[in-house]
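# Inside the fold
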Amino acid sequence: MDRVRLRRSLAVWMGTACLLAGVAADASGQAKPSVPARRGSGLRFEVSYPASANAGPITGRVFVMISRRAQPEPRLQIGRTGVPFFGRDVEALPAGKAAVIDATDLGSPVESLSELPAGDYFVQGFVNVYAEFKRADGHVLWMHDDRWEGQQWNRSPGNLYSHVRQVHLDPARGGTIALVADQVIPPVTVPPDTAWVKRFKFQSPSLTAFWGRPVYLGATVLLPRGYETSAISYPVNYVQGHFSLRPPMGFEEGNAFHREWVRDDFPRMLIVTFQHPTPYFDDSYAVNSVNVGPYGDAIMQELIPEVETRFRVIREPYARVLSGGSTGGWEALALQIFNPDFFGGAWSYCPDPVTFTDVEGINVYTDENAFYKQFEWRREPTINSREINGQVRQTSQHRNHFELVNGTKGRSGEQIDIWSAVFGPVGRDGYFEPLFDKRTGVINPAVAEYWRNHYDLLEYLKRNWTAVGPKLVDKLRIYTGDVDTYFLDNAVRDLERWMKTTENPHYEGYFLYGDQKPHCWSGPGTQVDRLREMAQHIMRNKPEGANAGWWRY
């Protein structure tokens, strides 16, 4: 066994030992991530719910949020750099019975209640309700069923929360705080259609079959000036990104974008945003996945045909362009690369890792641990995010512990978990096989190889350039800040370096880096400038004789 393999084997063994030492069981006997109980850790919360709020029993996750201020509610103050909160899984918890959260439960950014400074706080209890999914592959999973809020459990309809209480907490003295989650989050109010903005939603046959319960797709469409009074068809910009019911491009009647949109010399097109939340995240990443389901097929075979049936669009590749930032930047590239004959160009801003040599600071192919870098005799924390001046915002360990508090088994609804769900294989329990252990950071190299072979966009291009390269010429445009907050510019540079070496055809793509720009820089100019650029691209690639009645610029 060589030295690298020996180090990795020892790391896995040590990680397993640490993991076993850090696992406890809740009242239902379910394993839960925990921290060692510390001296003076008698502080505990009891969270219950009444039958009037939910008939029960509830399988899900119970939380306590703690803040120094009452507004907004503590449940709305949690985040990557938000206020302390703690969670515990519950199974078949009946109405009226309390779930206990104590010093053995992992928290973020304070790891244990025992470490909370004594003082006066505002506290709130919460219950995230899971649903049973009998998946087509035979696995039964308990997940949060999206209610068209975009997998934000602290805002999701049907979830329960308590009133905010002001209390004095002192871990050294202990004590029990009872919280009753008797408030129910109401259904989402979908904005009404206007003359400019239309919305639709439908149950997806393929995704419903995969998940074993209804799953929905939707779209929000911004219409061009004159659409209702004309008979012509228009190009379409499919804008990728996180779940939102807001009008595309921030359109509001009377705002600056609206004033440009209605100008006589502005090119006419439709702008469409998708809604495709999953049980893991607010967005599917627009590809097929063994864990998340056939979202790539559903988008290409169900959602886009629905758009193009309901609205007058030019159903030709040259007239379909893609754009998006961050998650949407990755999706715009992936849809273009995996469907090179269907789309006519992608504008990708600050895309998520286009190769997995830098996944928010982690090189999944060479690092042995996601939480630190090993340098011979020393190791240093892996930085997850940074400020423009290089100051550390969050380490990888802090980031992943935050996700683990949000939800075990990848049910956090957060970024690393959705990458693991989309890019990774299925685990024995039906949930995804994680790239690394979220308690210890130890990386599983077999899972890293699965990521490489299935979803690494650079590796896909390397393997398939002869076939897809000719179809991608003049179609890839990538913009990113050179100090992206999450180091996403590093993977972009790897892609750029390789594209400079391509042959048959030689195509370098278009890459632009914003000097001292963080996440998510989308290039110079404005949204209006970019839309004009897209329209010019469509016109250049228009077949001879094709109707250009939509052109007004």
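Look up a bit, the structure's there.
This one's a predicted model, so the numbers in the text were calculated from it and none came from an experiment. (Residues numbered from 1 in each chain as written. Predicted model: local features only at pLDDT ≥ 70, side-chain atom pairs only at ≥ 80, totals over all residues. Heavy atoms only, no water.)

Taken together, three strands build an open sheet; the order of strands is β6-β3-β13 and the sheet is mixed. Two strands lie at the open edges of the sheet, namely β6 (99-101) and β13 (175-180), each paired on one side alone. Between one strand and the next, the sheet's axes are offset by a mean angle of 25°, whatever the strand orientation. For strand β3 (residues 43-48) and β6, the ladder comprises three bridges, and the chain directions are antiparallel. When the sheet's bridge partners are listed, Glu 46 is paired in β6 with Val 100. (Pairing = 2+ DSSP bridges. Helix = DSSP H or I, 4+ residues; strand = E, 2+ residues; numbered from the N terminus. Axes fitted to C-alpha atoms, helices over the stretch in contact; angles between N-to-C directions.)

A few words on the side chain of Thr 382. Turning to its location among the elements, Thr 382 is positioned in the loop between β24 (378-381) and β25 (383-386). Contacts of Thr 382, omitting those with residues within four sequence positions, involve Gly 361, Ile 362, Ala 370, Phe 371, Tyr 372, Lys 373, Thr 395 and Ser 396. (Contact = heavy atoms within 4.5 Å.)

Here we come to the pairing of strand β5 (residues 85-93). Taking burial as the measure, the nine residues of β5 include seven buried ones, the bulk of the element. Relative to β5, strand β4 (residues 58-67) is paired through seven bridges, and the arrangement is antiparallel. Following the sheet pairing, Gly 60 is matched in β5 by Val 90. Direction of pairing for β5 relative to strand β7 (residues 107-108): antiparallel, over a ladder of two bridges. Bridge pairing in β7 links Phe 86 to Gly 107. (Buried < 20%, exposed > 50% of the residue type's maximum accessible area, 1.4 Å probe, protein only.)

Once that is clear, we can look at the nonpolar core. By size, the foremost hydrophobic cluster in this structure holds 111 residues, and its most contacted members are Trp 261 and Tyr 280. Apart from residues no more than four positions distant in its own chain, Trp 261 is found in contact with Trp 196, Leu 222, Leu 223, Pro 224, Arg 225, Phe 251, Phe 266, Arg 268, Met 269, Ile 271 and Leu 531. Counting 27 residues, the second largest nonpolar core, distinct from the first, contains Val 47, Tyr 49, Ile 66 and Tyr 121. (Core = buried A, V, L, I, M, F, W, Y, C linked by side-chain atoms within 4.5 Å.)

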